[in-house]
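# Residue-level structural notes
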Amino acid sequence: MLVAADVIGAPCWLSLTARDREAAERFYEAVLGWTFRRGRFGRAFSVAEVDGVPIAGIGAVAGDFAVPVAWTPYFAVEDADAAVARVRERGGTVGVGPVSYPPSGRAALVADREGAVFGVWDGGVLAEWSVGAAESPAWLELHTGNAFDAALFYGEVLEWGRGDGGNCCDTSYEEDQVVLRRRGRPVARLNSGPVEEAAPKPQLRPRWLVHFKVPDLDRAVARALEHGGGTVTGPEWGGGRQVTLRDPDGGLFTLDHSDRPSATV
């Protein structure tokens, strides 16, 4: 575990809020080849790994917190209470927390002005975890109506680009996207497109979408369907070799074909 100035504001973890931890583990093991170890926060939590490298967490707490089954990115902050206050001040909402997870830190589930849910984490982070380009096993994409407006919200809440050396990240504007970089490497993209907060299909609502890289996309999709998952990708989003799926409990995630995957399936 470590906390460094250039981590603050960056994605620091991915977590699946599930109802049944063991069922979720069986599904993602079959689809992505993950193994699991118990987490630091009790029997309801586990950590997914590939070759000993942590990728994501699963917490069977959807019922306890009355929240949907969903994949959620967490961003590191210096002070969870201050970050939650900034969310409220800028028109976002707070769903859960901040909640203490002794001895490691505090977390909160919040949403931006359009309703896209994300988490903030105040505490130590795993030094070996990574997200983004190249060798990282996952990356993040925000589906939002206006990437520029969203970048202003997240920049103020997570203090991107402070310019005093006390934060992680810089942003650049590329066509309809905003690219978030840490140490010059892309770690997330904010993507403008057709979204509707009250859309009946959850994939059409504003949301943070978690992408996992796989070497054989067709095989991974087939495994997901064999184990109770379903495809939800429509023509409104996407590009290249990727498919958005729903796990058996309803959690959305996207699989991308990668020639340089970190996981083997």
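Residues numbered from 1 in each chain as written. Predicted model: local features only at pLDDT ≥ 70, side-chain atom pairs only at ≥ 80, totals over all residues. Heavy atoms only, no water.

Before going further, it helps to examine the pairing of strand 8 (residues 117-123). For a regular strand, the rule is simple: side chains alternate between the two faces of the sheet. Within strand 8, 6 of the 7 residues are buried, which leaves the element mostly enclosed by the surrounding structure. The sheet contact formed by strand 7 (residues 105-111) and strand 8 spans 7 bridges and is antiparallel. Across the sheet, the residue bridging to Val110 is Phe118, located in strand 8. Connecting strand 7 to the antiparallel partner strand 8 that follows it, the hairpin turn spans 5 residues, and Gly115 within it adopts a positive phi of roughly 100°. (Buried < 20%, exposed > 50% of the residue type's maximum accessible area, 1.4 Å probe, protein only. Helix = DSSP H or I, 4+ residues; strand = E, 2+ residues; numbered from the N terminus. Pairing = 2+ DSSP bridges.)

Right, let's talk about the packing of helix 3 (residues 80-89) against helix 4 (residues 147-158) for a bit. The N-to-C vectors of helix 3 and helix 4 enclose an angle of 150°; their axes lie 8 Å apart at closest approach. Compared by their axis directions, helix 3 and helix 4 come out roughly antiparallel. Here the hand of the crossing between helix 3 and helix 4 comes out right-handed. Here helix 3 contributes Ala83, Arg86 and Val87 to the contact with helix 4, which in turn contributes Phe153, Glu156 and Val157. Of the residues that constitute the contact of helix 3 with helix 4, the class distribution is 4 nonpolar, no polar and 2 charged. (Axes fitted to C-alpha atoms, helices over the stretch in contact; angles between N-to-C directions. Parallel < 35°, antiparallel > 145°, perpendicular 65-115°, else oblique. Left-handed = near helix turned anticlockwise from the far one by under 90°. Contact = heavy atoms within 4.5 Å. Nonpolar A, V, L, I, M, F, W, Y, C, P; charged D, E, K, R; others polar.)

Considering all chains together, one arrives at 11 salt bridges under this definition. A salt bridge links Glu22 to Arg21; the shortest N-O distance between them is 4.0 Å. In this structure Glu22 comes out as partly exposed when scored by relative accessible area, which is 47%. Among the ionic contacts, a cluster of salt bridges with common partners joins Arg21, Glu22, Glu25 and Arg38. (Salt bridge = Lys/Arg side-chain N within 4 Å of Asp/Glu carboxyl O.)

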